[in-house]
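# A structural walkthrough
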Amino acid sequence: MEAPQTLWRNARLAACAGAGLGVVERGALVTGGGRIVYAGAESEAPRAPRVVDCEGRWITPALIDCHSHLIYGGDRAREFEQRLAGASYEEIARAGGGILSTVAATRAASEDALVAQALRRLDALIGEGVGAVEIKSGYGLDLASERKMLRAARRLARERDVIVKTTFLGAHALPLEYRDRRGDYVDLLVEEMLPALAGEGLVDAVDGFCEGIAFSREEIARVFATARRLGLPVKLHAEQLSNQGGAALAASFDALSADHLEYLDEAGAAAMARAGTVAVLLPGAYYTLRETQAPPVAALRQQGVAIAVATDSNPGTSPITSLLTTLNMAATLFRLTVDECLLGVTRHAARALGLEAEMGTLEAGKAAHFALWDIERPAELVYRIGFNPLHRRVWSGA
Ligand code: DI6
Ligand code: FE
């Protein structure tokens, strides 16, 4: 254990460990060497040379956005107007708009431009106490452009104090040039793109979009088999627009998470529970697409599936860069409790990224990344809309 350097006293902790939120009313943290050395009652805290009075503020672990498409070229404001005029997301996608229009803009953008655009979105998240973010590729859909996206994602982690987990999402949409050659594109994914990018150290996990307008279970299974052969964990966009049995497929590959899940059935939830696959709920996309079928939260609870919440920040279906607003949506639209919301962007989000040894709770041994809030009770992090009560974000105990 590191030597104590700083005592953060006079705090209220939502440690997100143990039962519920793990609240400690007269709490303190002790940090040293960039780690948490102690988290608990102030009366039992070890001494430290430096003392910070938190003035009764609440401390949570740094928040985690475990599903985002933060890197992309252009925007989709025009498509937003088309949808306001009555076009559906699927109609726009089938007409070559949607994801494919962002693919064109992303292919045309330089790596520097992608980094500069994404930094503004990342800074919005960091400004709300976020300390880790997952970022997917999937708007390149050729080797050079997917590499450019993943390199841009890695660069963000050097530009800011934040952990970035990269996810290869080559199976996001069928690129135009493969329109009549689906099998050839999946061959390209599994034979060339994924092995090359994994070999360059650019890929922390592998994702796909299992949907009528995207890829079938069989196609996703080929991508996942390659991922596992390369030693990479998988996750899946599953059951967003229809029930394809994607969550059960993901669970059969021991997926870290299955995400969206509006159309998940009982059998899918049971398969996730058995595999320990986290359910990542994305209310920003549900809201933007004006979905009416909410994910089966009761079944997830009953099966004991861990629930995480994330922004899905992307230009088409979830143009949101506020994790706090996303929590409000999760509570209001999906009826998650405050505790479920907050665990969904801390402990359970960490699990969805395989980061649980480092982040997600205030516990001795974890990285000293946490957030101090000007609030009287944790519910305020969920209840307000468009108001940011962050006092400060602490990175590595400094
Ligand atoms: N599901 C989503 O919600 C995003 N990707 C996906 O597979 C949407 C991406 C986009 O419309 O650009
Ligand atoms: Fe997504």
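Residues numbered from 1 in each chain as written. Chains lettered and ligands numbered in written order. Predicted model: local features only at pLDDT ≥ 70, side-chain atom pairs only at ≥ 80, totals over all residues. Heavy atoms only, no water.

### Some words on the overall build of the chain
How we decide: Helix and strand labels come from DSSP, where a helix needs a run of H or I of at least four residues and a strand needs a run of E of at least two; each type is numbered from the N terminus. The quantity called the radius of gyration is restricted to C-alpha atoms. Its globule counterpart is 2.2 Å times the number of residues to the power 0.38. A 1.4 Å probe rolled over the protein chains alone gives each residue an accessible area, and that area as a share of the maximum for its type sets the label: buried under 20%, exposed over 50%, partly exposed in between. Any two residues whose heavy atoms approach within 4.5 Å are treated as being in contact. Where accessible areas are quoted, they stem from the Shrake-Rupley method and a 1.4 Å probe; at the residue level, only the protein chains shown are allowed to cover. Asp and Glu count as negative and Lys and Arg as positive, but His and the ends of the chain are not part of the count. Note on charges: their place is set at NZ of Lys, CZ of Arg, CG of Asp or CD of Glu.
Across its full length, the chain holds 15 helices and 15 strands. Compactness check: the chain gives a C-alpha radius of gyration of 21 Å against a globular reference of 21 Å for 398 residues, within 12% of the reference. With respect to the three principal axes, the spread of C-alpha positions in the chain is 70 × 40 × 40 Å. In the chain, buried positions account for 60% of the 398 residues. Summarising the internal contacts of the chain: among those between residues at least 6 apart in sequence, 71% fall at separations of at least 24. A total of about 15100 Å² of accessible surface is found on the chain, and carbon and sulfur atoms cover 48% of it. In the chain, 42 side chains carry a positive charge and 49 a negative one; their mean positions are 3 Å apart.

### Section: the coordination of the iron ion (ligand 2)
Rules: For Na, K and Ca the donor cut-off is 3.2 Å; for every other metal, N, O and S atoms count as donors within 2.8 Å. Water does not enter the count, which can leave sites looking incomplete. Geometry is assigned from donor-metal-donor angles: four donors are tetrahedral when every angle falls between 85 and 135 degrees, four are square planar and six octahedral when opposite donors sit over 155 degrees apart with all other angles between 65 and 115, and any other arrangement is irregular.
Each protein donor to the iron ion (ligand 2) is listed here as H67 (NE2), H69 (NE2), H237 (NE2) and D312 (OD); together their distances run 2.1 to 2.2 Å. Coordination at the iron ion (ligand 2) is irregular: its 4 donor atoms span angles of 82 to 167 degrees at the metal. If you list the donors of the iron ion (ligand 2) from N- to C-terminus, the spacing comes out as H-x1-H-x167-H-x74-D. Note that H67 is positioned in the loop between β6 (63-65) and α1 (77-84) and D312 in the loop between β13 (307-309) and α12 (323-334), a separation of 245 residues in sequence. Across the pair, D312 and H67 agree in class, each one buried.

### Points about the side chain of R121
Quick reminder of the rule: Should a side-chain nitrogen of Lys or Arg be within 4 Å of a carboxyl oxygen of Asp or Glu, the pair is scored as a salt bridge. Each polar contact in these results corresponds to two N or O atoms within 3.5 Å; when the atoms are within protein, one needs to be able to donate a hydrogen and the other to accept it, and residues that are neighboring in sequence are counted only if both atoms are side-chain atoms.
Mapped onto the elements of the fold, R121 is located in helix α4 (residues 111-126). For the buried residue R121, which engages in no salt bridge, the nearest side chain bearing the opposite charge is D75, 8.2 Å off. Separated by 3.2 Å, the side chains of R121 and Y72 make a polar contact. Non-local contacts of R121, meaning those with residues more than four positions away in its chain, are made with L70, I71, Y72 and T321.

### Side note on helix α5 (residues 143-159)
Here is the rule we go by: By this rule the span expected of a helix is its residue count minus one, scaled by 1.5 Å.
Compared with the 24 Å implied by 1.5 Å per residue over 17 residues, the 24 Å span of α5 between its first and last C-alpha is a close match. Considered for burial, the residues of α5 that qualify are S145, E146, K148, M149, L150, A152, A153, R155 and L156. Where α5 is buried, its residues contact α3 (99-108), α4, β7 (130-136), β8 (163-171) and α6 (182-199).

### Overview of the packing of aromatic side chains
Quick reminder of the rule: Ring pairs are drawn from Phe, Tyr and Trp, using the six-membered ring of Trp, whenever the two centres fall within 6.5 Å, and their geometry is named by plane angle: stacked under 30 degrees, edge-to-face over 60, tilted for the rest.
Summed over the entire model, instances satisfying the criterion amount to 6 aromatic pairs. Between F224 and F253, the ring centres sit 5.4 Å apart and the planes meet at 70 degrees, which makes this aromatic pair edge-to-face. Here F224 is found in helix α7 (residues 217-229), whereas its partner F253 is found in the loop between α8 (246-252) and β11 (257-260), with 29 residues between them in sequence. A network of ring pairs unites the aromatic residues Y178, Y185 and F215 as a single cluster.

### Some remarks on the state of the cysteines
Basically, it comes down to this: In this description, the term disulfide denotes a pair of cysteine sulfurs within 2.5 Å.
In the structure shown here, the tally under the stated rule is 0 disulfides. With no disulfide of its own, C16 lies 12 Å from the sulfur of C341, the closest cysteine sulfur. Of the cysteine sulfurs around C210, a residue in no disulfide, the closest is that of C66, at 19 Å.

### Regarding the environment of E55
Note on placement: E55 falls in the loop between β4 (50-53) and β5 (58-61). Classification of E55 as exposed rests on a relative accessible area of 56%. The spacing of E55 and A105 is 50 residues in sequence and 48 Å in space, taken between C-alpha atoms. Setting aside anything within four residues of it in sequence, one finds E55 in contact with R9 and N10. Here R57 takes part through its side chain, which lies 3.0 Å from a polar atom of the side chain of E55.

### Topic: the side chain of E146
As for its placement among the helices and strands, E146 is situated in helix α5. Excluding residues that lie within four positions of it along the chain, E146 makes contacts with S137, G138, Y139, G140, L141, F168, L169, G170, M193 and L197.

### Considerations on the sheet that holds strand β12 (residues 278-281)
Quick reminder of the rule: The pairing criterion for strands is at least two bridges between them, as found by DSSP. Fitted lines through C-alpha atoms serve as axes, helices being fitted only where they are in contact, and the angles separating the N-to-C directions of these axes extend from 0 to 180 degrees.
Strand order in the open sheet formed by 8 strands is β6-β7-β8-β9-β10-β11-β12-β13, and the pairing between neighbours is parallel. In the strand order of this sheet, the two ends are held by β6 and β13, each with one partner. Here the average twist between neighbouring strands, direction ignored, is 25 degrees. The sheet contact formed by β7 and β8 spans 5 bridges and is parallel.

### Comments concerning the nonpolar core
We apply this condition: The criterion is simple. A nonpolar core is a set of buried Ala, Val, Leu, Ile, Met, Phe, Trp, Tyr and Cys residues joined through side-chain atoms within 4.5 Å.
Residues I71, L156, F168, Y185, V206, L261 and L336 are the most contacted members of the largest nonpolar core, which totals 97 residues. Every residue in contact with L156, bar those within four places of it in the chain, is listed here: I71, V115, A118, L119, L122, I135, V162 and V164. Residues A132, V280, A308 and A349 belong to the second largest nonpolar core, which totals 18 residues.

### Thoughts on the pairing of strand β14 (residues 370-373)
The alternating pattern of β14 places F370 and L372 on one face and A371 and W373 on the opposite face, and all of these are buried. Of the strand pairs in this sheet, β5 and β14 are connected by 4 bridges, and their pairing is antiparallel. The partner of P61 across the bridge, within β14, is F370.

### Things to note about empty space enclosed by the protein
Rolled over the atoms, a probe as big as a water molecule pinpoints where empty space is left. The following threshold applies: Space inside and on the surface of the protein is sampled on a 1 Å grid over the protein atoms alone, with a cavity defined as a set of points where a 1.4 Å probe fits but cannot get out and a pocket as an open set with protein on both sides within 12 Å along at least 5 of 7 lines; lining residues have an atom within 4 Å of a point. Grid points are joined across faces, edges and corners, and a volume is the space filled by probe spheres set on the points. Residue type decides the class: Asp, Glu, Lys and Arg count as charged, Ala, Val, Leu, Ile, Met, Phe, Trp, Tyr, Cys and Pro as nonpolar, and the leftover types, Gly among them, as polar.
Applying the stated criterion across every chain, the model contains 1 cavity of 30 Å³ or more. Put simply, the largest cavity is a space of about 110 Å³. Among the residues making up the lining of the largest cavity, the classes are represented as 4 nonpolar, 8 polar and 2 charged.

### Quick look at α7
In an α-helix there are 3.6 residues to a turn, and that puts residues three or four apart on one side. Stated formally: What the arc measures is the spread of directions leading from the helix axis to the C-beta atoms.
Taking 1.5 Å per residue, 13 residues should reach 18 Å; α7 reaches 18 Å between its end C-alpha atoms and fits that length. If you check which residues of α7 are buried, you get E219, I220, V223, F224, T226 and A227. One side of α7 carries all its buried residues, which in axial view fall inside an arc of 160 degrees. In α7, the exposed positions angled more than 90 degrees off the buried face are occupied by E218 and R229. In this structure, the buried side of α7 is in contact with β8, α6, β9 (205-210), β10 (235-238) and α8.

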